[in-house]
Amino acid sequence: MNTLELNTTSSVTPDSDSASVPQLSSYNDCMACRIIGSGAFAATGIYALRMARPSAPGSIVGKRIMGGLGVCFLAGSALRWRM
């Protein structure tokens with residue numbers, strides 16, 4: 001037998017007090033990150049809404065999907081700005 005045997009079936013359980021990880025209550029991005037993230041969502045939403053206009057090429061179903069995505073991206077932009 002090898003003299004350096006490792007016990008892989010250890011029954012040691014960590015104590016709940018010693019293994020506590022501090023939880024952050026909220027995470028705030030820097031202002032530049034919020035501006036860039038919100039701007040990217042807003043630009044994507046505006047682009048999708050422009051593709052949903054009646055004079056744009058494509059099917060009616062595709063335009064409705066693009067309109068829905070545009071609204072969702074604009075809502076995401078507003079949520080990104082506030083959080």
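Our subject is the structure listed above.
What counts, and where the lines are drawn
Throughout this document, residue positions are counted from 1 along each chain, in the order its sequence is written. Only residues with pLDDT of 70 or above have their local features reported here, since the model is predicted, and side-chain atom pairs are shown and tallied only from 80 upward, although totals for entire chains, interfaces and linings are computed over all residues. To obtain the side-chain values, all non-hydrogen atoms of the structure were used and water was disregarded. Secondary structure elements are defined from DSSP: runs of H or I of at least 4 residues count as helices, runs of E of at least 2 residues count as strands, and each element is numbered from the N terminus. Each residue's exposure class comes from its accessible area (1.4 Å probe, protein chains only) as a fraction of the maximum for that residue type: buried when under 20%, exposed when over 50%, partly exposed otherwise. Using a 1.4 Å probe, accessible areas were evaluated by the Shrake-Rupley method; residue-level cover was limited to the displayed protein chains. Two joining distances apply to patches: 9 Å for like charges and 5 Å for nonpolar side chains (Val, Leu, Ile, Met, Phe, Trp, Tyr), and every residue must have over 30% relative accessible area and no salt bridge. Salt bridge, as used here, is a side-chain nitrogen of Lys or Arg placed within 4 Å of a carboxyl oxygen of Asp or Glu. Counted as a polar contact is a pair of N or O atoms within 3.5 Å, where, for protein atoms, one must be capable of donating a hydrogen and the other of accepting one, and residues adjacent in sequence contribute only when both atoms are in side chains. By the convention used here, residues are in contact when the closest approach between their heavy atoms is within 4.5 Å. Fitted lines through C-alpha atoms give the axes, limited to the stretch in contact for helices. The angle between two N-to-C directions lies from 0 to 180 degrees. The scheme is simple: roughly parallel for angles under 35 degrees, roughly antiparallel for over 145, roughly perpendicular for 65 to 115, oblique for anything else. Each helix crossing is assigned a hand: it is left-handed if the near helix lies turned anticlockwise from the far helix by less than a right angle, otherwise right-handed if that turn is clockwise. Amino acid classes used here: Ala, Val, Leu, Ile, Met, Phe, Trp, Tyr, Cys and Pro are nonpolar; Asp, Glu, Lys and Arg are charged; the rest, including Gly, are polar. Here, expected helix span is obtained from the residue count minus one, scaled by 1.5 Å. Summarising the geometry, the arc corresponds to the directions from the helix axis toward the C-beta atoms.

**Student:** Whenever I open this one, the overall build of the protein chain confuses me. Can you help?
**Tutor:** If you tally the helices and strands in the protein chain, you get two helices and zero strands. Across the 83 residues in the protein chain, those meeting the buried criterion constitute 13%. Per element, the accessible surface of the protein chain, about 7100 Å² overall, is 65% carbon and sulfur.

**Student:** Just checking my understanding: could you explain the environment of M83 for this structure?
**Tutor:** Inspection of the secondary structure assignment puts M83 in the segment after helix 2 (60-82). Between the C-alpha atom of M83 and that of Y27, which follows or precedes it by 56 residues, the distance is 8.4 Å.

**Student:** Before we go on, may I ask you to explain a nonpolar patch on the surface in this structure?
**Tutor:** Residues I46, L49, V71 and L74 make up a contiguous nonpolar surface patch of about 310 Å² in total accessible area. Broken down by secondary-structure element, the contributors of at least two residues to the nonpolar patch are helix 1 (31-51) and helix 2. Inspection of the secondary structure assignment puts V71 in helix 2.

**Student:** Even after reading the chapter, I still don't get the side chain of S38, so can you show me in this structure?
**Tutor:** Here S38 is to be found in helix 1. Polar side-chain contacts of S38 include one of 2.9 Å to the backbone oxygen of R34. Beyond its immediate chain neighbours, meaning those up to four positions away, S38 contacts S77, R80 and W81.

**Student:** Quick question: what am I supposed to make of the packing of helix 1 against helix 2 here?
**Tutor:** Two measures define how a pair of helices packs: the angle their axes make with one another and the distance between the axes. Two elements in contact, helix 1 and helix 2, have axes whose closest approach is 7 Å; the angle formed by their N-to-C orientations is 165°. Relative to helix 2, the element helix 1 is oriented roughly antiparallel. Where helix 1 crosses over helix 2, the handedness of that crossing is left-handed. Of the residues assigned to the contact of helix 1 with helix 2, the class counts are 15 nonpolar, eight polar and three charged.

**Student:** Please clarify how helix 2 should be interpreted in this entry.
**Tutor:** For the α-helix, the turn length of 3.6 residues means that residues three or four positions removed from each other point alike. With 23 residues, helix 2 extends 33 Å from end C-alpha to end C-alpha; this agrees with the ideal 33 Å at 1.5 Å per step. Buried residues in helix 2 make contact with helix 1.

**Student:** It is not clear to me how helix 1 should be interpreted in this structure. Could you clarify?
**Tutor:** The first and last C-alpha atoms of helix 1 sit 30 Å apart over 21 residues, in line with the 30 Å expected at 1.5 Å per residue. Looking only at helix 1, the buried set comprises G37, S38, A42, G45 and A48. Angularly, the buried residues of helix 1 cover 125° about the axis, an arc narrow enough to put them on a single face. Relative to its buried face, helix 1 has exposed residues pointing more than 90 degrees away, namely I36 and Y47.

**Student:** Please explain the side chain of K63 as it appears in this structure.
**Tutor:** Along the chain, the position of K63 falls in helix 2. Overall, the relative accessible area of 13% leaves K63 in the buried class. The contact partners of K63, leaving out residues within four places of it in the chain, are M51, A52, R53, P54, A56, P57 and G58.

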